[in-house]
Structures are given as structure tokens and as C-alpha cells.
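Structural overview for review
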Amino acid sequence: MNLRHIEIFHAVYVNGSVSAAARALNVSQPSVSKMLRHAESLLGFPLFDRANGGLVPTEDAHSLFGDVREIQDRVQALREAGRNIRRGTGTLRILALPSLALEAIPSAVSQFLRTHENVKFDLQTVHHDDLLRKLHERETDIAIAFQLPPSAPISQRWLGEGELVALYREQDMPDAPPSLELSRLRGHRFISLAASGPLGQLFTEELERRDVELDETVSVRTFYMAAALVRQGVGITVVDSFTAQACLAPGLSMRPLRPRITFDVQAMYLINRPPGALADDFLKTLKQVVDAP
């Protein structure tokens, strides 16, 4: 049976007669009858018995219908996906690290919806250690993060660059220069993110390389919590530029480090599930947001 046979069989089974199936498919009754007979000829057994002016499915038809319904549902889903692509509609499932979800992702979504008003978003935040699991369990289509997990069997697309910056209360460093050497952080209570993932490790390695030891008063695992502690006057911290920009408020300032400590922003996805046309357009918008000064 080909897809046309399956479509005819499904329509007759669901609607109960050739005439009703023809109306549902918007085709002639003779064409439905012809395709149904052809399907029965290919299968080698009848699918329907005639009774009281209608068609009653045989036991063999009942046995087939479960698989036929599943195929028909998939065909309908494929057709709908094609229509969505043509109309520029659909649902984008995007997962991002919390620091990118504070401002970068919302900004990109807002901009994208101005020109794609029928698109829907399913947005999630996740910590770095759960990225691969979420992708492989198909809970999301694209993950936006800073570093590809080691040896991960996934593809990636470079979206831009971020950097680590110092976030502090202006009253704690009123004479801060335009950029800060790590040694300038000495003498202040420091909120450490050493256990926060790849960026925490990146900063820790830079401290060790430059033989700088800080007064780590508090250790946290999320950049947002570190920024909140700065706001409460607990100390200063070093976070990614996206978190710092999103958390700036009166009395808070951020400064790049000298020399700069940069990292890549990547879109990650399964090798066998690359982004479609709609997702491609969104990633272009997100890239513009990431690249914006």
C-alpha cells in the first residue's frame, strides 16, 4: 500500500462509507472506490463488508487501522510542518544557560516576534551539566551555551563572544579605572563562582596563572546569585558580561578585566537534527544581539 491507499483506507474507516470519505477528501466517489479495490487487491484480503448501505470494517481492517492511523498522523504532521515553514510559523524550542536567559534570549525573542508574529517559543533554562541530557532526550531542539561539553556528539554554531567582567558597587571602588587588572580585586571581599561551570574554571585558571589570591568570602554556583549578593553589599564578583549587563542598577558598575578573558557563545544541536529555516532565522537574530556592544 502506498500513501494514497492508506489515506483512502483511513478516510473510509473513519467516515463509514465511500461517499462520506469522498466528501472528506474532496474527491469523487468512483476514485475512492477504485483506490479501495486496488488496496484490497494488493493486500489479498477485503477491508470492508457492505451492510445496510454502509461499509463495515473486517477484522483484518481493525488489525491494520492502528498502524494506518499512526502513519496518517505522521503524514498530517509533516504536511503541517511544511505549511508552517511556508507561512513562517511554528514552535521554536530553545534552551539556554540562565545568564543568557536574563536578557540576551528575551531580547532576541522580542526582536524576532516583530517580523514572525505567528511563531511560538518553548523556552527553558538549564545548567551546563544538563545540556547534553536535554538535547538527547529531545526536550529541546537547540541549546545556547558558552562551551561545548568535551567529546560531545553534537554540532555547534558560533554566535559571538562574551567576556568576564568585574561587577561591584560604585561605593566599594569609587576610583575604578576603565578596565581592571586581577590584582586590583585584592583587598575586597570576593564572591567566588569557581564551582559554577566552565566560566568559573576559566577564571580560576587565570587567577592561578597570574598568581593572584582573592579574599573569597562567599562561594556560589549561579551568576545571578553572585550579582544579587553584590547588590546587597556582600562584596565584588566576576561574572559573564551578559549577566552583568542584565543586573546593572543604580549604584552598580561593571568593568572589563585586563587582559580580557573571553569565551564563545554557541548554539548546539544534535548532529541528525540541524536547525530548520525558522530556527536559522532566529539564530541570526540572536547573533546580532550577542554581537551588539
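This text gives an overview of the structure that appears in the document. The structure displayed is predicted, hence computed values, not measured ones.

**Considerations on the overall build of the protein chain**
A count of helical and extended segments in the protein chain gives 11 helices and 11 strands. What you see for the protein chain is a C-alpha radius of gyration of 29 Å, clearly larger than the 19 Å of a compact globule of 293 residues, by over 25%. Considered along the principal axes of its C-alpha atoms, the protein chain spans approximately 95 × 35 × 30 Å. Of all 293 residues assigned to the protein chain, the portion counted as buried reaches 44%. Taking all contacts inside the protein chain whose residues are at least 6 apart in sequence as the whole, residues at least 24 apart take part in 74%. For the protein chain, the exposed surface amounts to about 15,600 Å²; the carbon and sulfur share of it is 49%. Treating the 32 positive side-chain charges of the protein chain as one cloud and the 35 negative ones as another, the clouds have centres 7 Å apart.

**A few points about a negative patch on the surface**
The grouping of D211, E213, D215 and E216 at the surface amounts to a negative patch. Following the sequence through the fold, D211 ends up in the loop between α8 (198-209) and β8 (215-219).

**Notes on the side chain of E163**
Positionally, E163 belongs in strand β6 (residues 154-169). At 3.1 Å, the side chain of E163 forms a polar contact with the side chain of R260. Once residues within four sequence positions are removed from consideration, E163 is found in contact with V239, D240, S241, P256, R260, I261, T262 and F263.

**So, α8**
In a regular helix each residue adds 1.5 Å, so 12 residues correspond to 16 Å; α8 covers 16 Å between its end C-alpha atoms and thus fits that length. On its buried side, α8 packs onto β6, β7 (189-192), α9 (223-231), β9 (236-240) and β11 (262-270). Count one or two residues on from α8 and you reach D211, which has phi positive near 55 degrees.

**Here we look at unusual backbone geometry**
Cis geometry marks the peptide bond from R258 to P259, where omega comes out at 0 degrees. The residue P259 is located in the loop between β10 (252-256) and β11 in this model. Residues other than glycine seldom take positive phi values, yet R138 does so here, at roughly 60 degrees. Relative to the elements of secondary structure, R138 occurs in the loop between α7 (131-136) and β5 (142-145). We note that D211 has phi near 55 degrees; this positive angle belongs to a residue other than glycine.

**Some details on the packing of helix α2 (residues 18-25) against helix α3 (residues 29-43)**
The N-to-C vectors of α2 and α3 enclose an angle of 110 degrees; their axes lie 8 Å apart at closest approach. Taken as axis vectors, α2 and α3 run roughly perpendicular relative to one another. For the pair formed by α2 and α3, the contact residues are V18, S19, A21 and A22 on the first element and Q29, V32 and S33 on the second. The class makeup of the residues in the contact of α2 with α3 is 4 nonpolar, 3 polar and no charged.

**A closer look at the pattern of salt bridges**
What the rule picks out here adds up to 16 salt bridges. Of the charged contacts, one joins R93 and D141 as a salt bridge, the two residues approaching to 2.9 Å between their closest N and O atoms. Pair noted here: R93 is in strand β3 (residues 90-96) and D141 is in the loop between α7 and β5, with a separation of 48 residues, a long-range link. We classify D141 as partly exposed; its relative accessible area is 24%. Note that E137 and R133 form a salt bridge whose closest N and O atoms lie 3.2 Å from each other. With a relative accessible area of 36%, R133 lands in the partly exposed category. The network of salt bridges with common partners includes R133, K134, E137 and E139.

**Comments concerning the packing of aromatic side chains**
A complete count under the given rule lists 11 aromatic pairs for this structure. Plain terms: the ring middles of F9 and F48 are 5.7 Å apart, the flat faces sit at 55 degrees to each other, and that makes the pair tilted. Pair noted here: F9 is in helix α1 (residues 3-15) and F48 is in strand β1 (residues 48-51), with a separation of 39 residues, a long-range link. On the accessibility criterion, F9 (0% relative accessible area) is buried. Consider the rings of F112 and F282, whose centres lie 5.5 Å apart with planes at 90 degrees: the pair is edge-to-face. Note that F112 is positioned in helix α6 (residues 104-115) and F282 in helix α11 (residues 277-291), a separation of 170 residues in sequence. Pair check on accessibility: F112 and F282 agree, each one buried. What links up through ring pairs into an aromatic cluster is the set F9, Y13, F48 and F65.

Calculation notes
Residues numbered from 1 in each chain as written. Predicted model: local features only at pLDDT ≥ 70, side-chain atom pairs only at ≥ 80, totals over all residues. Heavy atoms only, no water. Helix = DSSP H or I, 4+ residues; strand = E, 2+ residues; numbered from the N terminus. Rg over C-alpha atoms; globule rule 2.2 N^0.38 Å. Buried < 20%, exposed > 50% of the residue type's maximum accessible area, 1.4 Å probe, protein only. Contact = heavy atoms within 4.5 Å. Areas by Shrake-Rupley, 256 points an atom, 1.4 Å probe, with all protein chains shown as cover. Lys, Arg positive; Asp, Glu negative; His and termini not counted. Charge placed at Lys NZ, Arg CZ, Asp CG, Glu CD. Patch = residues over 30% accessible without salt bridge, like charges linked within 9 Å, V, L, I, M, F, W, Y side chains within 5 Å. Salt bridge = Lys/Arg side-chain N within 4 Å of Asp/Glu carboxyl O. Polar contact = N/O pair within 3.5 Å; in protein donor to acceptor, adjacent residues only side chain to side chain. Expected span 1.5 Å × (residues − 1). Axes fitted to C-alpha atoms, helices over the stretch in contact; angles between N-to-C directions. Parallel < 35°, antiparallel > 145°, perpendicular 65-115°, else oblique. Nonpolar A, V, L, I, M, F, W, Y, C, P; charged D, E, K, R; others polar. Phe/Tyr/Trp six-rings, centres within 6.5 Å; stacked < 30°, edge-to-face > 60°.

By themselves, these figures tell us nothing about what the structure is for.
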